[in-house]
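These are the residues of each chain, in order.
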Amino acid sequence: MPIFEYKCSECGNRFEKLVRGKERVSCPACSSRRLTKLFSTFGVKSGDKFTTSSGSSCDTCSATSCAGCKD
Ligand SMILES: [Zn+2]
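About the thresholds
Residues numbered from 1 in each chain as written. Predicted model: local features only at pLDDT ≥ 70, side-chain atom pairs only at ≥ 80, totals over all residues. Heavy atoms only, no water. Phe/Tyr/Trp six-rings, centres within 6.5 Å; stacked < 30°, edge-to-face > 60°. Buried < 20%, exposed > 50% of the residue type's maximum accessible area, 1.4 Å probe, protein only. Lys NZ or Arg CZ within 6 Å of the ring centre and 35° of its normal. Salt bridge = Lys/Arg side-chain N within 4 Å of Asp/Glu carboxyl O. pLDDT = per-residue confidence, 0-100. Helix = DSSP H or I, 4+ residues; strand = E, 2+ residues; numbered from the N terminus.

A look at the packing of aromatic side chains
Alright, step 1. Under the defined criterion, the tally for this structure stands at two aromatic pairs.
Alright, step 2. Their ring planes at 25° and their centres at 5.8 Å tell us that Tyr6 and Phe15 sit as a pair that is stacked. Phe15 matches Tyr6 in its accessibility class, with the two residues each being buried.
Alright, step 3. Members of the aromatic cluster, connected to one another through ring pairs, are Phe4, Tyr6 and Phe15.
Alright, step 4. Residue placement shows Lys37 over the ring face of Phe4; its charged tip is 4.2 Å from the ring centre.

Shown next, in the form of structure tokens:
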């Protein structure tokens, strides 16, 4: 099942969302639908966290966790 990463144009929040069918996605922080889709990934689930193969740092960082961040 595809997981999409979005960035909110309103508040800058980044989040990943499992999208089923034509589900409408809105920002979990501010409920805005002005979202930029960053990339999609087919999730590799380890534990409770999703990891991505992105090479750039902080792509997977959310507002709540930076556990995988090297910086
Ligand atoms: Zn937002």
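So, the pattern of salt bridges
Alright, step 1. Inspection of every chain in the model, using the stated rule, returns two salt bridges.
Alright, step 2. Notably, a salt bridge pairs Lys17 with Glu23, separated by 3.3 Å at the nearest N-O pair.
Alright, step 3. For Glu23, a relative accessible area of 31% gives the class partly exposed.

Focus on the confidence of the model for the protein chain
Alright, step 1. Within the protein chain, residue pLDDT values average 75, and 54% of them lie at 70 or more.
Alright, step 2. Here strand S4 (residues 44-46) stands out as the least confident element of the protein chain, with mean pLDDT 54; strand S2 (residues 14-18) is the most confident, with 92.

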